[in-house]
Amino acid sequence: MASNSSEDEVLVSDDDDSDIPEQAVCKKLVEEFADITDTNTALAQFYLQDRNWELDLALNAFYERDISAESESNNLNKCEQVAGGSVCSAEQPATKKQKTKHLVDTASSSSVASCSSEPSVDRPESETKLSENRARLKLISWNIDGLDPTSIKNRTKAVYKVISDEKPDVVFLQEVIPQTFAYFETRFEDTYECIAGNDSGYFTAMLLKKATLRLKDFYLIPFYSSEMSRNLLVVKAEMGKDHCLHLITSHLESTKEHAAERKKQLKAAFEQMKEADNASTVIFGGDLNARDKEVPCELILVIIVIF
């Protein structure tokens, strides 16, 4: 993959796409967005690319997200006073350095505050780092398009900034490449457990917020008939003292021609959800590539039975 001469250089795809302005126009729009919002060119390019380089639409999306985030933060920081007292615990990043967590498919070649009505008590340090009795779980699922080399450094920085700003408890990522994962692992070393579904090519990954979740186990379930090295990444975690989570992400087979394999993979994912411990909360998400007609009623009924 060719490296950029400058990490902040604005690059535009060479594809013949009439929706993309000339490079000079793109650069001017990026600089104008960054100047108006007092942010940076990486985030500006992220918003503009997603909105066909329409500056007004990009600015509206940026400020709507900021308003929503501020409102949510204010709501979460209000603690209702009840009999017995109330406790508000904010995020406390873990300080112990963690080793890289990679999963290799050998069969393939390829600070949100929380409020609790419990009185304050002394707890071991390991427990006080986790927000207990949380009523909410914030999750992001994102195909970050790591296979596209265009402005990969800028786009990786933009993904990092969005995650840092949103502070989700769980992040499901698809189309991650080793360079991108290494960047996240370094930057999130003190705040997130970073688990990779492979160490070469492109793969799924999962991030768990150390302040709210405790990693218990993780493993890979390969799709042996996949022509694209697809699989299920499964992570088991605890939220608080005894709330178990069974988290699953995947990037199912792509394109219309592989519909049969994709449906087979989706069914396998639902079966994995059914096999989870009854005491666990099961969450499955990712880039499913599924068309409406590919999800028959019997598979939908599986979800209804689970929940």
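See above for the structure.
Calculation notes
- Residues numbered from 1 in each chain as written.
- Predicted model: local features only at pLDDT ≥ 70, side-chain atom pairs only at ≥ 80, totals over all residues.
- Heavy atoms only, no water.
- Helix = DSSP H or I, 4+ residues; strand = E, 2+ residues; numbered from the N terminus.
- Buried < 20%, exposed > 50% of the residue type's maximum accessible area, 1.4 Å probe, protein only.
- Areas by Shrake-Rupley, 256 points an atom, 1.4 Å probe, with all protein chains shown as cover.
- Pairing = 2+ DSSP bridges.
- 1 Å grid on protein atoms, 1.4 Å probe; cavity = no way out; pocket = protein on both sides within 12 Å on 5 of 7 lines; lining within 4 Å.
- Points joined across faces, edges and corners; volume = space filled by probe spheres on them.
- Nonpolar A, V, L, I, M, F, W, Y, C, P; charged D, E, K, R; others polar.
- Phe/Tyr/Trp six-rings, centres within 6.5 Å; stacked < 30°, edge-to-face > 60°.
- Lys NZ or Arg CZ within 6 Å of the ring centre and 35° of its normal.
- Salt bridge = Lys/Arg side-chain N within 4 Å of Asp/Glu carboxyl O.
- Axes fitted to C-alpha atoms, helices over the stretch in contact; angles between N-to-C directions.
- Left-handed = near helix turned anticlockwise from the far one by under 90°.
- Contact = heavy atoms within 4.5 Å.

1. Focus on the overall build of the protein chain
Counting its regular elements, the protein chain contains eight helices and 11 strands. Looking at the 307 residues of the protein chain, the share that counts as buried comes to 42%. In the form shown here, the protein chain has an accessible surface area of approximately 16,600 Å², with 48% of it arising from carbon and sulfur atoms.

2. Describing the pairing of strand E11 (residues 280–287)
Of the pairings in the sheet, the one linking strand E10 (residues 243–251) to E11 comprises eight bridges and is parallel in character. When the sheet's bridge partners are listed, Ser250 is paired in E11 with Gly286.

3. Overview of empty space enclosed by the protein
The method is simple in principle: a probe with the dimensions of a water molecule rolls over the atoms, and the space it marks as empty is what remains. Taken as a whole, the second largest cavity encloses approximately 40 Å³ of empty space. Forming the walls of the second largest cavity are Ile144, Gly146, Ile152, Arg155, Thr156, Val159, Thr180 and Phe184. When residues of the lining of the second largest cavity are assigned to their parent elements, the largest contribution, four residues, is made by helix H5 (residues 152–166). Of the residues in the lining of the second largest cavity, the class split is four nonpolar, three polar and one charged.

4. A closer look at the pairing of strand E9 (residues 231–239)
Taking burial as the measure, the nine residues of E9 include eight buried ones, the bulk of the element. Two elements, strand E8 (residues 213–222) and E9, share nine bridges in a ladder whose sense is antiparallel. Counted as the bridge partner of Leu220 is Leu233 from E9. In this structure, E9 lies alongside E10, joined through eight bridges in antiparallel fashion. The partner of Leu233 across the bridge, within E10, is Thr249. The antiparallel hairpin formed by E9 and E10 contains three residues in its connecting segment, where Gly240 sits at a positive phi of about 80 degrees.

5. Side note on the packing of aromatic side chains
Applying the stated criterion across every chain yields a total of 12 aromatic pairs. Their ring planes at 45 degrees and their centres at 5.0 Å tell us that Tyr160 and Phe188 sit as a pair that is tilted. Taken together, the residues Tyr160 in helix H5 and Phe188 in the loop between helix H6 (178–187) and strand E6 (192–196) connect sequence positions 28 residues apart. The rings of Phe33, Phe46, Tyr47, Phe62 and Trp142 are connected pair by pair, giving a single aromatic cluster. The residue whose ring lies beneath Arg187 is Tyr160, and the NZ or CZ to ring-centre distance is 5.5 Å.

6. Focus: the pattern of salt bridges
Should their charged atoms come close, side chains of opposite charge can pair. Per the stated rule, a full pass over the model turns up four salt bridges. Linking Glu271 and Lys274 is a salt bridge whose minimum nitrogen-to-oxygen distance equals 3.9 Å. Of this pair, Glu271 and Lys274 both sit in helix H7 (residues 259–274), three residues apart, roughly one helical turn.

7. Details of the packing of H5 against H6
The interhelical angle for the contact between H5 and H6, taken along N-to-C directions, is 40 degrees, at an axis separation of 11 Å. Pair H5 / H6 crosses with right-handed handedness. Between H5 and H6, the residues in contact are Ile152, Thr156, Lys157, Val159 and Tyr160 and Thr180, Tyr183, Phe184 and Arg187, respectively. Grouping the amino acids of the contact of H5 with H6 by side-chain chemistry returns five nonpolar, two polar and two charged.

8. A closer look at unusual backbone geometry
One non-glycine residue, Thr255, lies in the positive phi region at around 75 degrees. Mapping Thr255 onto the fold places it in the loop between E10 and H7. Among the residues examined, Thr255 registers a relative accessible area of 36% and is labelled partly exposed. In this model, Asn289 sits at a positive phi of 55 degrees, which is unusual for a non-glycine residue. Judged by its relative accessible area of 23%, Asn289 is partly exposed.

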